[in-house]
Amino acid sequence: MSAHDCAHGVLLPLDAALACYAREVRSLPAQRLPVADALQHVLAAPVSAAVDLPMFTQSAVDGYALRSADLATAGKPAPLRLPLAGEVRAGVAPDAPLPAGHAMRIFTGGRLPAGADTVARQEIVERDGEYALLRHALAAGVDVRMRGEELRAGSPLAQAGQRLHAGLIAALAMAGVAEVEVARMPRVRVLVTGDEVTQGTPGEAGVFDANGPLLRSWFLERGYPAPQIDYVIDDRARLRDAVDDALRNCDLLLTTGGVSVGDHDLVRPVAAELGVREVFWQVAQKPGKPLYFGVRDHDEARPLMLGLPGNPGAVLIGLHVHVAAVLAHLQNAAEAAPAWRTGRLAAAVRADAREQLLRMSVRIDGDGRIWLERLDRQDSHMLSNLASAGALVRIPAAAALDAHAVVQWLALP
Ligand SMILES: Nc1nc2c(c(=O)[nH]1)N[C@H]1C(S)=C(S)[C@@H](COP(=O)(O)OP(=O)(O)OC[C@H]3O[C@@H](n4cnc5c(N)ncnc54)[C@H](O)[C@@H]3O)O[C@H]1N2
Ligand code: MOO
């Protein structure tokens, strides 16, 4: 694809818009962060285990640490009676080796005393005062977690490009990794535009604000910090000042509204006036056609600007499809974004000149096949079907699809 394919004039196919992001968006510089603070960051370098795991040989159960060599005669004919030699609790290192012919009380995660090589779980041990009675022999290693059996220090744990989620953060922390090198978190600013948008109770021609709550919640839901959101009326000078201020302080500016062809749609002219290079405007998608993407090249931070159409349904698509892709490139993530899956249409869908992104319900049948069923109330000014929507489904431009057609879709939370 040439640079020309990003130019405006005709509606840009969605895949071409996504390719523009791949070409235009540069990854943010790396920084070091404490691993526990790195949720939703993307690794800029591979990570290896700092320690062996387990770090020391330990008991897997609550029971008695033993020497397997002592146990050959257990239960033949009578139970073996082993005097107790103290106790090991998790977190407290045993202060003496296990004497031959003895048992030591031990708890799950307790460090095996020197000399011990096996553990009898307490369910198979009888207690007689200060003696442990064992009715059968145990091999070495029973209910023992050996040092390094899971991982050796230095073995790879995660790759550059991986996004840190709760489980991976825990895996790194457990392996003694204190800090990670990650791409800096994108600084996102949001401008919600429109004279009709009210944060309080709307007047006679106003609307309740849906886009501000949608944007804030979308970022929080994914583990990103809440972006700063400002509200601007459709006044050219105010919008220019707000856009300029935001661009100076962000990596990605998202605007909602004011990006279509009306007399009060000021986002594009203001962006042009502020030296933002337009990469594209108008994507062959429904909803969200008037989507705008630009880059202010002359700023050191090279901020990006995505102008999302004001209709809340278009903002929803803008976030799940476009913003997700841009964030992945900014963070240099290896993941596919958007993360399309495949499924089958439960019923036929009519064609549209633009690619459609339809909200559908998801059903998995007894054979594990995924069925996607179109919901009513799809128009871009409507959100009221979202309580039932589990998927955003791609219907290619100009394609009427029959029931059972295989389609791509994105999971909605
Ligand atoms: N003559 C044409 N008119 C329109 C076209 C076109 O091609 N020719 N495109 C239509 C399409 S498609 C869309 S999408 C909208 C997008 O227009 P804008 O980005 O300029 O958005 P606005 O006009 O500012 O608002 C659209 C709609 O959404 C409501 N809105 C805006 N902000 C919020 C908010 N924060 N919370 C809730 N609702 C909001 C607003 O009241 C409008 O109803 O343009 C079409 N027009
Ligand atoms: O592109 Mo608009 O969001 O179809 O209504």
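Each residue is numbered by its place in its chain's sequence as written, counting from 1. Each chain takes a letter, starting from A, and each ligand takes a number, starting from 1, following the order in which they are written. Predicted model: local features are reported for residues with pLDDT of at least 70 only, side-chain atom pairs are reported and counted for 80 or more only, and whole-chain, interface and lining totals are derived from all residues.

*Asks:* So what's going on with the sheet that holds strand 16 (residues 228–232)? Which residues, and what values?
*Replies:* When DSSP finds two or more bridges between a pair of strands, those strands are recorded as paired. Elements are defined by DSSP. Helices are runs of H or I of four residues or more, strands are runs of E of two residues or more, and each kind is numbered from the N terminus. Taken together, six strands build an open sheet; the order of strands is 16-13-17-21-20-18 and the sheet is mixed. Bordering the open sheet on either side are strand 16 and strand 18 (277–281), each of which pairs with just one other strand. This sheet shows a mean twist of 20 degrees between the axes of neighbouring strands, independent of strand direction. Residue pairs qualify as contacts under a 7 Å threshold applied to their C-beta atoms, which are placed from the backbone. Axes here mean lines fitted to C-alpha atoms, for a helix over just the part in contact, with angles spanning 0 to 180 degrees between N-to-C directions. Docked against the sheet, helix 3 (residues 211–221) engages strand 13 (188–193), strand 16 and strand 17 (252–256), running at close to 165 degrees with respect to strand 13. Contacts from helix 4 (residues 236–248) reach strand 13, strand 16, strand 17 and strand 21 (304–308) within the one sheet, and its direction differs from that of strand 13 by about 170 degrees.

*Asks:* Before we move on, can you summarise the packing of helix 1 (residues 14–24) against helix 6 (residues 312–330) with the specific residues and values?
*Replies:* For the pair helix 1 and helix 6, the least separation of the axes is 9 Å and the interaxial angle reads 20 degrees. If you check the angle between helix 1 and helix 6, you find them roughly parallel. The crossing of helix 1 and helix 6 is right-handed. Two secondary-structure elements touch here, helix 1 through Leu18, Tyr21 and Ala22 and helix 6 through Ala325, Val326 and His329. Tallied by class, residues from the contact of helix 1 with helix 6 come to five nonpolar, one polar and no charged. If an angle is under 35 degrees, it is roughly parallel; if it is over 145, roughly antiparallel; if it lies from 65 to 115, roughly perpendicular; otherwise it is oblique. Handedness of a crossing follows from how the near helix is turned relative to the far one, being left-handed for an anticlockwise turn of less than a right angle and right-handed for a clockwise one. Any residue outside Ala, Val, Leu, Ile, Met, Phe, Trp, Tyr, Cys, Pro, Asp, Glu, Lys and Arg is labelled polar, Gly included; the first ten of those are nonpolar and the last four are charged.

*Asks:* Residue-level account of the environment of alanine 210, with values.
*Replies:* Within the secondary structure, alanine 210 sits in the loop between strand 15 (207–208) and helix 3. C-alpha of alanine 210 to C-alpha of glycine 223: the two residues are 13 residues apart in sequence and 20 Å apart in space. Every residue in contact with alanine 210, bar those within four places of it in the chain, is listed here: Pro312 and Leu383.

*Asks:* Break down the sheet that holds strand 7 (residues 118–121) for me, citing the residues and quoting the values.
*Replies:* Sheet architecture is open: six strands sit in the order 7-4-6-5-9-8, paired in mixed fashion. Every interior strand has two partners, whereas the edge strands, strand 7 and strand 8 (125–128), have only one. If you compare each strand with its neighbour and ignore which way they point, the axes differ by 40 degrees on average. As judged from the three bridges shared by strand 4 (residues 63–66) and strand 6 (residues 103–106), these two strands associate in the antiparallel manner. Across the sheet, residue alanine 65 finds its bridge partner in strand 6, namely methionine 104.

*Asks:* So what about unusual backbone geometry? Which residues, and what values?
*Replies:* A cis geometry characterises the amide bond from lysine 286 onward to proline 287, with omega recorded as 5 degrees. By secondary structure assignment, the location of proline 287 is in the loop between strand 19 (285–286) and strand 20 (292–295). Along the chain, alanine 337 connects to proline 338 via a cis peptide bond; the corresponding omega equals -5 degrees. Position of proline 338 relative to the elements: it lies in the loop between helix 6 and strand 22 (341–345). With a phi close to 55 degrees, aspartate 143 is a non-glycine residue in the positive phi region. Relative to the helices and strands, aspartate 143 resides in the loop between strand 9 (131–134) and strand 10 (144–145). Non-glycine residue asparagine 332 carries a positive phi angle of around 55 degrees.

*Asks:* Go over the site of ligand 2 with me, naming the residues and quoting the values.
*Replies:* Should the C-beta atom of a residue, placed from the backbone, lie within 6 Å of a molecule or strand, that residue is near it. Every residue close to ligand 2 is listed here: Lys286, Pro287, Gly288, Lys289, Pro309, Asn311, Ala314 and Ser380. Residue composition of the shell around ligand 2, grouped by class: three nonpolar, three polar and two charged.

Taken by themselves, the reported measurements are silent on function.
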